[in-house]
Each structure stands twice: as C-alpha cells, then as structure tokens.
Amino acid sequence: MALPGCRYFAATQHTLCEPFLSYWNNNGGVARFGYPITQSMGESVGNWFGIVQYFERRRMEHHTELSDTKHAVLLGLLGRTIRDVEALTACPTRSMRAG
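Residues numbered from 1 in each chain as written. Predicted model: local features only at pLDDT ≥ 70, side-chain atom pairs only at ≥ 80, totals over all residues. Heavy atoms only, no water.

K.L.:
Tell me what's going on with unusual backbone geometry, and back it up with residues and numbers.
P.N.:
Of note, the amide linkage connecting Glu18 to Pro19 takes the cis form, showing an omega dihedral of 5°. By the element assignment, Pro19 lies in the loop between β2 (14-17) and α1 (20-26). Here the phi dihedral of Gln13 falls at roughly 60°; this positive angle occurs in a residue that is not glycine. Relative to the helices and strands, Gln13 resides in the loop between β1 (6-9) and β2. What makes Gln13 exposed here is its relative accessible area of 60%. (Helix = DSSP H or I, 4+ residues; strand = E, 2+ residues; numbered from the N terminus. Buried < 20%, exposed > 50% of the residue type's maximum accessible area, 1.4 Å probe, protein only.)

K.L.:
Outline the sheet that holds strand β4 (residues 48-54), supporting the account with residue identities and numerical values.
P.N.:
Sheet architecture is open: four strands sit in the order β3-β4-β5-β6, paired in antiparallel fashion. The open sheet is flanked by β3 (41-45) and β6 (73-75), the only strands paired with a single partner. Here the strands of the sheet are splayed against their neighbours by 45° on average, with no regard to which way each runs. When strand β5 (residues 59-62) meets β6, the two strands line up antiparallel, connected through three bridges. Note that in β6 the partner of Glu61 across the bridge is Leu74. (Pairing = 2+ DSSP bridges. Axes fitted to C-alpha atoms, helices over the stretch in contact; angles between N-to-C directions.)

K.L.:
Lay out the pairing of β1 in plain terms, naming residues and giving numbers.
P.N.:
Note: β1 against β2, four bridges, orientation antiparallel. Residue Cys6 lies in a different strand from β2, and its bridge partner there is Cys17. Once β1 ends, the chain turns through four residues before running back antiparallel as β2, passing Gln13 with a positive phi of about 60°.

K.L.:
Please set out the packing of aromatic side chains residue by residue, giving values where relevant.
P.N.:
Here the structure, examined in full by the defined rule, presents four aromatic pairs. Their ring planes at 70° and their centres at 5.3 Å tell us that Phe9 and Trp24 sit as a pair that is edge-to-face. Of this pair, Phe9 sits in strand β1 while Trp24 is found in helix α1, placing the two residues 15 residues apart along the sequence. Summarising the burial analysis for this pair, Phe9 and Trp24 share the class buried. Chaining the aromatic ring pairs together yields one cluster made of Phe9, Trp24 and Tyr35. (Phe/Tyr/Trp six-rings, centres within 6.5 Å; stacked < 30°, edge-to-face > 60°.)

Listed below in structure tokens is the structure:
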C-alpha cells in the first residue's frame, strides 16, 4: 500500500513518490524509464548533492535549487557518470620512489 502522492510497484517492490511520480507519469512512464529499482535517496553526483531515484533505464534527480521551475526533476547522465568512474579506476598510479 502506497502513501498519498506515491505509487507502489509490486514488480520491483519499490515506491515512486513526488516529485518523481509526476515526472514519470508525464514523460513516458514505464515505457521510457522502466520501473523504479530503488527508493529515493540522497546521493552525491559530482559537486551536487540531492535526492535521486534509479529506474531500469534512468536516474532521476530532484534539484531543489530549481524547484520553482519545470526543471526541478532532471535526468542523470548515467553514461557520463559510468565513464568518469571507469576513468578513475583505470588510471594507473605511479609509485613515488625516494631519491
């Protein structure tokens, strides 16, 4: 059973609440984003910290600094994030030798 302003998905056992629920409903729903695969949570993305929720095909970000605009919910750049993380783990480290 979902709280008011939320929708529960038995398929993934996760809840989708506002403001993500309205964005999901108005922009393609399950066909575009898939089902939620996490609950909403706080997360750091680069220099930004905010509330995010992951779906089968996207990450939504709630940007409170844009709450008075139509851009309060933005889609995360998952490909760029994965590339940046892979670049960090692939960079060789040079050992420093005492001379």
